[in-house]
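# Coordinates in review
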Amino acid sequence: MSQLGLILFFLRKTLLTLTLVLFYYCFSIGITFYNKWVMKKFHYPIFMTLVHLVMIFVFSGMSRTLTSWYTGNSRICLSWELYMKKVAATALVTALDIGLSNWSFLFITVSLYTMTKSTAILFILFFSVVFKLEKLRPWLIIVILLIAGGLFTFTYKSTQFNTEGFILVLVASFLGGIRWTLVQILTQKAELGLQNPIDTMYHLQPLMFVGLFPLFLFNEGLSLSASEKLFRYHETSNLLHMMFVLAAGGFLAFGLCFSEFLLVSKTSSLTLSVAGIFKTPPKSKGWISSIIRVQQISIWNCCSVMDRQMRTVKRKMLYISND
């Protein structure tokens, strides 16, 4: 491949990645503020997550049916043995990640949530190395240190800092590291046949619901059953309004899951995590955090492009030498 060919190749890859990231931003930013808005008047985040999981499963099933009808090809459906062996762990970790993330909005602000959740990249890097998806390189260590510094400058002596909410998001970030590493393995293994985000979403939702339902019963079941928000409503209009609000979140959740899985399947879980760093600008110590985050994204982009170019050149040279 000529030098011009390499440049065009990386320009196409960059444009594709940028398009996927912008698509992801549309839903990610929307559902972040949606969750915070809903939590002000509906204090049942785990129940809301369960509703969204059901809607995602229904929409995924409808999409699979329509696609199969249009193309004439049947969609992949894993056997129970393969499903429990390959998908179960990913589904359960994903359910806890989403559940704890939504739960944290009862305690913390959107900005603190976004910055704290950005630490997921630390855990994604760790588990990517453990599962041999990435090699530990010096520039990865630099990015880790910059992210840790950005989080520290934002949360240190913050007037809106909440310990309980911070711990919930931090645990969710740890689970998110496992989640997205497993999702990358799941979507990029051709033998499983789950490269299509719709197929991945369809297979994940049932076990995610099962994994999160006991937590809902323990934390919210009794309180929700006695709440006037749903089951003990006095006016039908209030019930319909709440159902509409939850349904709107389901549409956002479906779009977010699709955009996330599409980005991971076409790039990597690390790319998704880095993209999440710039979702919401900080309101506290803004200029320091912004400078650090610009450094993070710049180093990541430059090093990623250089690393991919070196690997591509090595493969081409090996191919030529074999011929």
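These numbers come from a predicted model, not from an experiment. (Residues numbered from 1 in each chain as written. Predicted model: local features only at pLDDT ≥ 70, side-chain atom pairs only at ≥ 80, totals over all residues. Heavy atoms only, no water.)

## So, the side chain of S128
- Structurally, S128 is set in helix α6 (residues 120-130).
- Polar side-chain contacts of S128 include one of 2.6 Å to the backbone oxygen of I124. (Helix = DSSP H or I, 4+ residues; strand = E, 2+ residues; numbered from the N terminus. Polar contact = N/O pair within 3.5 Å; in protein donor to acceptor, adjacent residues only side chain to side chain.)

## Focus: a nonpolar patch on the surface
- On the surface, L4, I7, L8 and L11 cluster together into a nonpolar patch covering about 390 Å² of accessible area.
- Here L11 is to be found in helix α1 (residues 3-39).
- Classification of L11 as exposed rests on a relative accessible area of 52%. (Patch = residues over 30% accessible without salt bridge, like charges linked within 9 Å, V, L, I, M, F, W, Y side chains within 5 Å. Areas by Shrake-Rupley, 256 points an atom, 1.4 Å probe, with all protein chains shown as cover. Salt bridge = Lys/Arg side-chain N within 4 Å of Asp/Glu carboxyl O. Buried < 20%, exposed > 50% of the residue type's maximum accessible area, 1.4 Å probe, protein only.)

## Some details on the nonpolar core
- With 68 residues, the main nonpolar core has F42 and F47 as its most contacted residues.
- Counting residues per element, the ones that place at least two in this core are α1, α2 (45-71), α4 (88-104), α5 (110-117), α6, α8 (163-188), α9 (197-225) and α10 (236-266).
- Residue contacts for F42: discarding those within four places in its chain leaves F47, L224, K229, L230, M242 and L246. (Core = buried A, V, L, I, M, F, W, Y, C linked by side-chain atoms within 4.5 Å. Contact = heavy atoms within 4.5 Å.)

## A short note on the packing of α6 against α8
- Axis separation between α6 and α8 bottoms out at 8 Å; the angle between their running directions is 40 degrees. On the basis of the axis angle, α6 is oblique to α8. Seen along the crossing, α6 lies across α8 with a hand that is right-handed. Mapping the contact onto sequence places A120, F123, I124, F127 and S128 in α6 and L170, S173, F174, G176, G177, I178, W180 and T181 in α8. (Axes fitted to C-alpha atoms, helices over the stretch in contact; angles between N-to-C directions. Parallel < 35°, antiparallel > 145°, perpendicular 65-115°, else oblique. Left-handed = near helix turned anticlockwise from the far one by under 90°.)

## Examining the pattern of salt bridges
- Summed over all chains, the structure comprises four salt bridges.
- Residue R75 pairs with D199 through a salt bridge whose shortest N-O separation is 2.8 Å. Placement of the pair is R75 in the loop between α2 and α3 (80-86) and D199 in helix α9, with a sequence separation of 124 residues.
- Residue classification places D199 among the buried positions, given a relative accessible area of 3%.
- A salt bridge links D97 to R179; the shortest N-O distance between them is 2.8 Å. Taken as a pair, D97 in helix α4 and R179 in helix α8 lie far apart in primary sequence, 82 residues in all. Neither D97 nor R179 differs from the other in exposure class; each is buried.
- Residues joined by salt bridges that share partners form a network here, namely R64, R75 and D199.

## Topic: the packing of aromatic side chains
- This model, assessed by the stated rule, comprises 17 aromatic pairs.
- Here the aromatic rings of W80 and Y83 are separated by 5.8 Å at their centres, their planes lie at 85 degrees, and the arrangement is edge-to-face. In this pair, W80 and Y83 both sit in helix α3, three residues apart, roughly one turn of the helix.
- Exposure remark for Y83: the relative accessible area of 8% places this residue in the buried category.
- Plain terms: the ring middles of F209 and F213 are 5.7 Å apart, the flat faces sit at 20 degrees to each other, and that makes the pair stacked. Taken together, the positions of F209 and F213, both in helix α9 and four residues apart, correspond to about one turn of that helix.
- Among the residues examined, F209 registers a relative accessible area of 29% and is labelled partly exposed.
- The exposure class of F213 is partly exposed, given its relative accessible area of 31%.
- A network of ring pairs unites the aromatic residues F42, Y44, F47, F209, F213 and F216 as a single cluster.
- Over the face of the ring belonging to Y202 we find R64, whose NZ or CZ atom lies 4.1 Å from the ring centre. (Phe/Tyr/Trp six-rings, centres within 6.5 Å; stacked < 30°, edge-to-face > 60°. Lys NZ or Arg CZ within 6 Å of the ring centre and 35° of its normal.)

## Some thoughts on the packing of α4 against α9
- Between α4 and α9, the least distance of the axes is 8 Å, while the angle of their chain directions is 45 degrees. Considering the angle they form, α4 stands oblique to α9. In terms of crossing hand, the pair formed by α4 and α9 is right-handed. In this structure, α4 uses A88, T90, A91, L92, T94, A95, I98, G99 and W103 to contact α9, whose residues at the interface are L204, L207, M208, G211, L212 and N219.
- When its residues are assigned to classes, the contact of α4 with α9 shows ten nonpolar, five polar and no charged. (Nonpolar A, V, L, I, M, F, W, Y, C, P; charged D, E, K, R; others polar.)

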